[in-house]
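What the coordinates show
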Amino acid sequence: MSAARPVEQVLWWLAAIPATMVIIVGFGLPLVQSLVASFTRDGVLTLANYELVYRLYRQDVVYTVMVAAAGLVLTFGIGIPLSGYLRLRHSQTAEFLLKVPLFVPFVVVGHAMRIFLAPRGTLPSLLHALGLVSPDTTLAISEGWIGLPIALAWKHLALVVLLLMGAFRGVGEEYLEAARGFGAGTFRQIWAVLVPMAAPSIGLAAVLSLTSMLASFSIPLMMTKGSGPQMLMIDLYHRYGLHGDFGTASAIGVVSYLLAAGAAYYYLKGVMRQ
Amino acid sequence: MRRLVAVLVVLVAVAATGPTGYGQSRVTLQVAIAADVNVVEVHRNFLGVAFSKNHPTVGFNVVGTGTGEAASRAIYAKLKAQADAGRRNWDIDVALVSMRYAAQMARENLLHRFTSDLQFAPYVVGPDTVRAFGVDIKGYVVPMFRNQIAIAYNPHFVSKPPRTFAELETWVRANPRRFGYNGIRGGVSGIGFTMGWVFYKTGQYDLFVQGPYDKAHEGMIRSSVEQLREFNRNVTVTSGNAGTLDALNRGEIWMGAVWVDQLVAWKNEGRMNPEITPVLIGPGLPIYPLYLTVPREAANRDWAARYIDLVANPHIQAKVIVEQFGWYPGIDPNRVMPLVSDKAKALLFRGVTAEDLARYSRQMPLAEYYDFILLAYEEIVR
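Summary of the structure given here.

Conventions adopted
Residues numbered from 1 in each chain as written. Chains lettered and ligands numbered in written order. Predicted model: local features only at pLDDT ≥ 70, side-chain atom pairs only at ≥ 80, totals over all residues. Heavy atoms only, no water. Helix = DSSP H or I, 4+ residues; strand = E, 2+ residues; numbered from the N terminus. Rg over C-alpha atoms; globule rule 2.2 N^0.38 Å. Buried < 20%, exposed > 50% of the residue type's maximum accessible area, 1.4 Å probe, protein only. Pairing = 2+ DSSP bridges. Axes fitted to C-alpha atoms, helices over the stretch in contact; angles between N-to-C directions. Contact = heavy atoms within 4.5 Å. Polar contact = N/O pair within 3.5 Å; in protein donor to acceptor, adjacent residues only side chain to side chain. Parallel < 35°, antiparallel > 145°, perpendicular 65-115°, else oblique. Nonpolar A, V, L, I, M, F, W, Y, C, P; charged D, E, K, R; others polar. Core = buried A, V, L, I, M, F, W, Y, C linked by side-chain atoms within 4.5 Å. Expected span 1.5 Å × (residues − 1). Phe/Tyr/Trp six-rings, centres within 6.5 Å; stacked < 30°, edge-to-face > 60°. Lys NZ or Arg CZ within 6 Å of the ring centre and 35° of its normal. Buried area = accessible area lost by both parts, 1.4 Å probe. Salt bridge = Lys/Arg side-chain N within 4 Å of Asp/Glu carboxyl O. Lys, Arg positive; Asp, Glu negative; His and termini not counted. 1 Å grid on protein atoms, 1.4 Å probe; cavity = no way out; pocket = protein on both sides within 12 Å on 5 of 7 lines; lining within 4 Å. Points joined across faces, edges and corners; volume = space filled by probe spheres on them.

Some details on the overall build of chain B
When helices and strands are counted, chain B shows 16 helices and 15 strands. The C-alpha atoms of chain B give a radius of gyration of 22 Å, which matches the 21 Å a tight globule of 382 residues would have. For chain B, the spread of C-alpha atoms along the three principal axes comes to 75 × 50 × 50 Å. Buried positions account for 57% of the 382 residues belonging to chain B.

Regarding the sheet that holds strand β8 (residues 179-181) of chain B
Residues and elements named next belong to chain B. Pairing in this open sheet of five strands is mixed, and the strands run β9-β8-β10-β7-β11 from one edge to the other. Edge positions in the sheet fall to β9 (235-237) and β11 (277-279), since each has one partner strand and no second. Averaged over all pairs of adjacent strands, the angle between their axes in this sheet comes to 35°, without regard to strand direction. For strand β7 (residues 149-153) and strand β10 (residues 255-259), the ladder comprises five bridges, and the chain directions are antiparallel. Its bridge partner being in β10, A152 is matched across the sheet by G256. Across the face of the sheet, helix α5 (residues 165-174) comes into contact with β8, β9 and β10 while running at roughly 115° to β8.

Considerations on the side chain of T129 of chain B
Residues and elements named next belong to chain B. With respect to the secondary-structure elements, T129 resides in the loop between α4 (99-107) and β4 (131-132). At a separation of 2.7 Å, a polar atom in the side chain of T129 contacts the main-chain carbonyl oxygen of G126. Apart from the residues lying within four places of it in its own chain, the contact partners of T129 are V124, I137, K138, V141, P143 and R146.

A look at the pairing of strand β2 (residues 58-64) of chain B
Two strands pair when backbone bridges link them, and strand β1 (residues 27-33) of chain B and β2 of chain B are joined in this way by seven bridges, in the parallel orientation. Residue V31 of chain B lies in a different strand from β2 of chain B, and its bridge partner there is V62 of chain B.

A short note on the sheet that holds β1 of chain B
Hydrogen bonds between backbone atoms are what pair the strands of a sheet, whose relative direction is either parallel or antiparallel. Residue and element names in this part refer to chain B. Here six strands make up an open sheet; going across it, the order is β2-β1-β3-β13-β6-β14 and the pairing mixed. With one partner strand each, in any of the chains shown, β2 and β14 (328-329) form the two edges of the open sheet. Bridge analysis of β1 against strand β3 (residues 94-98) gives three bridges, and the strand direction is parallel. Considered in β3, the bridge of V31 is made with V94. Lying on the sheet, helix α3 (residues 68-84) is in contact with β1 and β3; it crosses β3 at an angle near 140°. On top of the sheet, α4 reaches β3 and β13 (290-293); it is set at about 120° to β3, its chief contact.

As for the packing of helix α8 (residues 186-197) of chain A against helix α9 (residues 199-214) of chain A
Residue and element names in this part refer to chain A. The contact between α8 and α9 brings their axes to 4 Å, and the two run at 70°. Taken together, the axis directions place α8 and α9 in an arrangement best described as roughly perpendicular. Contact with α8, carried on its side by V195, P196 and M197, involves A199, P200 and I202 of α9 and no other residues of that element. Its residues placed into classes, the contact of α8 with α9 shows six nonpolar, no polar and no charged.

Quick word on the nonpolar core
All names here are of chain B. Counting 129 residues, the largest nonpolar core has M144, F179 and F193 as the members making the most contacts within it. At nine residues, helix α16 (residues 367-380) tops the list of elements feeding residues into this core. When residues no more than four places from it in sequence are discounted, the contact partners of F179 are I151, L168, W171, V172, F193, F231, V235, T236, I253, M255, G256 and A257.

A few points about α8 of chain A
Residues and elements named next belong to chain A. End to end, α8 covers 16 Å across 12 residues, agreeing with the expected 16 Å (1.5 Å per residue, within 8%). What α8 keeps buried is the set Q189, I190, V193, L194 and V195. Next to the buried residues of α8 lie α2 (48-88), α6 (147-169), α7 (173-181) and α9.

Regarding the packing of aromatic side chains
Here a ring pair, both rings aromatic, is described through the centre-centre distance and the interplanar angle of the planes. Within this structure, the stated rule accounts for 31 aromatic pairs over all chains. On the basis of an interplanar angle of 35° and a centroid distance of 4.9 Å, the ring pair of F39 of chain A and Y50 of chain A is categorised as tilted. Taken together, the residues span a long stretch of sequence, with F39 of chain A in the loop between α1 (6-38) and β1 (40-41) and Y50 of chain A in helix α2 at a distance of 11 residues. When its relative accessible area of 32% is taken as the criterion, F39 of chain A is described as partly exposed. Aromatic side chains F165 of chain B and W197 of chain B sit 6.3 Å apart centroid to centroid with 80° between the ring planes, which places their arrangement in the edge-to-face category. Here F165 of chain B is found in helix α5, whereas its partner W197 of chain B is found in helix α6 (residues 188-202), with 32 residues between them in sequence. Put simply, the rings of F165, F179, Y181, F193, W197, Y200 and F231 of chain B pair up and form one aromatic cluster. R271 of chain B extends its terminal NZ or CZ atom over the ring of W266 of chain B, reaching a point 4.0 Å from the ring centre.

Topic: the interface of chain A and chain B
Each partner contributes residues to the interface: chain A has 26 residues there, and chain B has 24 residues. Here chain A packs against chain B, burying approximately 2200 Å² in sum over the two surfaces, 47% of which is carbon and sulfur. It is R120, G226 and L242 of chain A that lose the most area in chain A upon contact with chain B, and together they represent 26% of the buried surface on that side. Run the count over chain A and chain B and you get four salt bridges.

Notes on the environment of G203 of chain B
Residue and element names in this part refer to chain B. Tracing the backbone shows G203 in the loop between α6 and α7 (205-210). On the basis of relative accessible area, G203 is assigned to the exposed category, the value being 56%. Residues G203 and P283, 80 residues apart in the sequence, show an inter-C-alpha distance of 8.6 Å.

Focus on the side chain of D93 of chain B
All names here are of chain B. Take D93: it is sitting in the loop between α3 and β3. R301 is the oppositely charged side chain nearest to the buried, salt-bridge-free D93, at an N-O distance of 8.6 Å. The contacts of D93, once residues within four sequence positions are left out, are T28, L29, Q30, T293, V294, P295, A298, A299, N300 and A304.

Topic: the layout of surface pockets
In this approach a probe as big as a water molecule rolls over the atoms, and the regions it shows empty are the leftover space. When its volume is computed, the second largest pocket comes out at roughly 580 Å³. Lining the second largest pocket we find 19 residues, and of these R41, D42, R239 and D245 of chain A together with D371 of chain B sit closest to its centre. Looking at the lining of the second largest pocket, the elements that each hand over two or more residues are β1 and α2 of chain A together with α16 of chain B. Tallying contributions element by element places α16 of chain B first for the lining of the second largest pocket, with four residues.

The quantities given are spatial measurements derived from coordinates; they are silent on function.
Rendered as structure tokens:
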């Protein structure tokens, strides 16, 4: 490959300006602004915002990480075997059904899950009709811990399957044939061949889902109640919308960046090693 | 290609001229509504249309900014930014905002004092048109309607509803998790209940509403909030006002703190068990009006004031605000209620009488106390 001529190089730089400006103005500037705001209160440099985050929301940081982690485990626990199975035994209908959640907005998922899982919602009513629970049992799965990861997993499964299917299809048929030749069953082919060979894509899908779950807002807003631990994005909204406290809201934002950056760091480290 | 460019040029030219291109005197009133879609619809489809009939040169652009305090905050942030930028002719002419942000905007000199010029100015009465959150708001606001927080109960399960906070406490102990409210994150009805609780436990309503703020009282507030934490152990915390109404409707809870207007509206729409009845309990629960305001540098301040005058017209208040939407009147009820049909009166005052309103309607505390109570709640109750 020959080096680009100077004129061409200038043109390339010019062409890159709009995109770079979008990143600087739309992402970099607000990032710096929120960083500065998180260390400022009434125009004075301070750690007060972080103190308040620690005092009021430290449980919520843990809660957010746990919910996202549970959602991730659930998504991949279902997504990997499912994508592997579909790679080995093609089914157009199943693939189509799996893609449906991609087109359902987050807020609709939140509302649907709230109705579905509410103490007297569709699922508990169904269980009652089947005689599995008594009508007075309140199954509080819509609230937090269990309901949220279920809803998040349902929404993210489609994207994960889409990414994994692509990666699994990239694995050459000869490897699978060889595995089958040694008597590997479906599970073994997925676990010993597809997963290791598609590891980078699985890592990418995991980072994408985890950051999206950490940042989820509308599903927790629709599904959770006004008490107990809460997802950080709700705290952020609450701090800003109700209290008009931009400083603390920014500090919560910075904590969220760090959580997301942590996930991305591990992924990048893995990629570099390869 | 050339034709495409021509079309674009024409489109840009039309967009830049806008409706004013048709005549110099034509104006478009920019109305920003920090409330639910139904309130946006009232301005768009009823009040705006009615006004334009008499003033054909005035058109309306009604925008809803959402619900809850965040919606009012969005309007505040926009006006503040225009003020800070030193801009003239701000782009909002009429803003409907919550009590809290109306007070904040009055304090920060973002509002135009306009009510003295109104035909119906004498009907703008009540303590909440004079002070809000400890700020002097007289002249800056006209309540579009008043909204009362009340305890709604299902008579099927509750034969003798409580009349005081103390009775409610006893009832909740005897009926665990059958009372619900939305905490402080789910909207102002839960916040109002919390404020009412602090008034009840501390017995210091006047102090908190009139001020001045004194840090010495923070201990008293914290201890009342600690008692609220105990109370909450037997309570169902719902997700928002609609969540409380839903839970009441499904029979999951038997009693809950709700907005009266939403209860009446849901009953009108057939979405709510008609048996559910509101009751106001002593020492009282906050009333929370939504105020019509005119920003200080609004481009069309005079038209804005005339439009608000229409909303303050007792006939409009009776027919649109009370009869059609089931809200309590924003202006002097003595001027409005004689014009309201008996049916609408019965619906509005079922459970909560006009006397109850006079006795038990409370104001929100000063901004500093309000913020401190919310902080204490977040820290102690969660």
